[in-house]
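As a plain string of letters, each chain reads:
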Amino acid sequence: MALMVSISGIRGIVGTSLTPDVVLAYVSAFGHLKRKEGEKPNHQKIVLGQDSRPSGEGLSTLVKGILVAQGYYVYECGIVPTPTVQVLVQQLHADGGIIVTASHNPEPWNGIKFVDSDGLFLSPELNQVLFGLVNNKSTLNYSSQFNFGSSERLPNPFKDHLSLLRQWRFSNFDIIQKRKFKIVVDTINGAGGPILQALLSSLSVDAIFLNPETTGKFSHAPEPIPENLSSLCSAVVEHHADLGIAVDPDVDRCVLIDEKGQPIGEEYTLTIAVYFYFSYVYPHIKSTLTGPQFVVKNLSTTRAVDDVVKNLAPEVKVLATSVGEIHVAKEMERVKALIGGEGNGGVMLPDIHIGRDAMVSVVMVLQCLAFYLEENKGKSMSDMKKSLPEWQIVKMKVGVEAVDVDRALREIVGEWK
């Protein structure tokens, strides 16, 4: 399998398509891209995190060494969610960030995501510059021994992220705490165990964790889709839980299971978050807003989001972008969107940061369910789901190993020009 290069960074099979030479080329190019002329060593800062894959520590050590050799001061986070790195880039006023992760790909894979100084992934335009630097190695250079940077291990990298969630003016931890929810959580031995344990403990949730250890030895296929969540579905029923939560290895996607052990569908994480926002947040801020207001999603997201907005705030427009978090993020930034996300379980709340974030999803979903149960005695998670607009979207994956994808796309473009 060849190295996958996209606006989401690079991914490959460790030792085959993702090798030290590849990491050197792309990280060096990123360091060159972010370099400010004339800056002294350690003045420019990069935040470095990783998911829990066994290859992550070695690759992170290599990434740190390259950045230090370019004169950067590196904040090492260790195993943390991707959105935690994005938050820290903003909070620490860093020049950028790097996450060593292959997201939901299987265990033999790893990869690198590149974060700009605004906490967003690199824009499509900057990605093209980065790829050009990789192809033109003569432009890359390193510091002399007297101009090397250095590094610092952050002792509590989750602190700022959790604080932002608590301090959001519409976070109502009290109503969640009063419900005494019982929840089963599957963190797939990825990066989500520690931060979700801390978050749910602060919410007085009785949380039963499946696979919380950050070993990177995934107990099942890591993408949080129904066919991979049978153990979680069974555990929800077995423990008489109010709901189940599954996240992917780098904790930017969140998928829900109802109290009957039935997957709600990744599309409905964003739908519930949007319903919560326009039911319990928007009415409090509507009078303070001026000009048109927007919600942004991608083209692979359920129409239920549009219907929720139409029903609760018909004056708000829903915009759709190309697939890819950065496309949604840039459009949200451009129109100053209230909320956005993708139909893969990714919620993006600008009040926290413009990036998919499973912790944001958990807080919004639990508040929404708590309010719903307060107003509808004797009801449940499945009842709340039934109260939302009902749409189905079918997503399938097709192997392309025997297909010349570039040629096929050129032919499609040619046919429809």
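A few points on the structure. Being a predicted model, the structure only gives us computed values, none of them experimental.

### Focus on the sheet that holds strand 7 (residues 150-153)
Hydrogen bonds between backbone atoms are what pair the strands of a sheet, whose relative direction is either parallel or antiparallel.
Turning to step 1, where the next piece is worked out: Spatially, 1-2-6-5-3-4-7 is the arrangement adopted by the seven strands of the open sheet, whose pairing is mixed. The open sheet has two free edges, formed respectively by strand 1 (4-6) and strand 7, since each of these has just one partner strand. The mean angle between the axes of side-by-side strands here comes to 15°, regardless of whether they run parallel or antiparallel.
Turning to step 2, where the next piece is worked out: Note that strand 5 (residues 96-100) and strand 6 (residues 109-115) share four bridges and pair antiparallel. Looking at strand 6, one finds that Gly97 is bridged to Val115.
Turning to step 3, where the next piece is worked out: Set on the sheet, helix 1 (residues 20-34) makes contact with strand 1, strand 2 (9-13), strand 3 (45-50), strand 5 and strand 6; between it and strand 6 the angle comes to about 5°.

### Points about unusual backbone geometry
Turning to step 1, where the next piece is worked out: The phi torsion at Ile188 lies on the positive side, around 55°, for a residue other than glycine.
Turning to step 2, where the next piece is worked out: Relative to the helices and strands, Ile188 resides in the loop between strand 8 (182-186) and helix 7 (193-202).
Turning to step 3, where the next piece is worked out: Exposure remark for Ile188: the relative accessible area of 1% places this residue in the buried category.
Turning to step 4, where the next piece is worked out: With phi around 65°, Val251 is a residue other than glycine that occupies positive phi space.
Turning to step 5, where the next piece is worked out: By secondary structure assignment, the location of Val251 is in the loop between strand 10 (243-247) and strand 11 (254-257).
Turning to step 6, where the next piece is worked out: A residue is classified by how much of its surface remains accessible, and Val251, at 0% relative accessible area, is buried.

### Considerations on the packing of helix 9 (residues 267-285) against helix 12 (residues 358-375)
Turning to step 1, where the next piece is worked out: Packing of helix 9 against helix 12 brings their axes to within 9 Å, and their N-to-C directions diverge by 60°. The angle between the axes of helix 9 and helix 12 places the two elements in the oblique class. Helix 9 and helix 12 meet at a crossing whose hand is left-handed. Across from Thr269, Ile272, Ala273, Tyr275, Phe276, Tyr277 and Tyr280 in helix 9, the residues of helix 12 making contact are Ser361, Met364, Val365, Gln367, Cys368, Phe371, Tyr372 and Glu375.
Turning to step 2, where the next piece is worked out: Grouping the constituent residues of the contact of helix 9 with helix 12 by class yields eleven nonpolar, three polar and one charged.

### Topic: the pattern of salt bridges
A side chain of one charge can pair with a side chain of the opposite charge when the charged atoms of the two come close.
Turning to step 1, where the next piece is worked out: Within this structure, the stated rule accounts for 22 salt bridges.
Turning to step 2, where the next piece is worked out: Ionic pairing is found between Lys297 and Asp306, a salt bridge with its closest N-O pair at 2.4 Å.
Turning to step 3, where the next piece is worked out: One network of salt bridges, in which partners are shared, links Lys113, Asp250, Asp252, Glu325, Glu342 and Arg356.

### Points about the pairing of strand 2
Turning to step 1, where the next piece is worked out: Across the five residues of strand 2, four count as buried, placing the element largely inside the fold.
Turning to step 2, where the next piece is worked out: Here strand 1 runs beside strand 2; their pairing, made up of three bridges, is antiparallel. Across the sheet, Ser6 pairs through a bridge with Gly9, a residue of strand 2.
Turning to step 3, where the next piece is worked out: Counted between consecutive antiparallel strands, the loop separating strand 1 from strand 2 contains two residues.
Turning to step 4, where the next piece is worked out: Bridge analysis of strand 2 against strand 6 gives four bridges, and the strand direction is antiparallel. Its bridge partner being in strand 6, Gly12 is matched across the sheet by Asn110.

Cut-off values and rules
Residues numbered from 1 in each chain as written. Predicted model: local features only at pLDDT ≥ 70, side-chain atom pairs only at ≥ 80, totals over all residues. Heavy atoms only, no water. Pairing = 2+ DSSP bridges. Helix = DSSP H or I, 4+ residues; strand = E, 2+ residues; numbered from the N terminus. Axes fitted to C-alpha atoms, helices over the stretch in contact; angles between N-to-C directions. Contact = heavy atoms within 4.5 Å. Buried < 20%, exposed > 50% of the residue type's maximum accessible area, 1.4 Å probe, protein only. Parallel < 35°, antiparallel > 145°, perpendicular 65-115°, else oblique. Left-handed = near helix turned anticlockwise from the far one by under 90°. Nonpolar A, V, L, I, M, F, W, Y, C, P; charged D, E, K, R; others polar. Salt bridge = Lys/Arg side-chain N within 4 Å of Asp/Glu carboxyl O.

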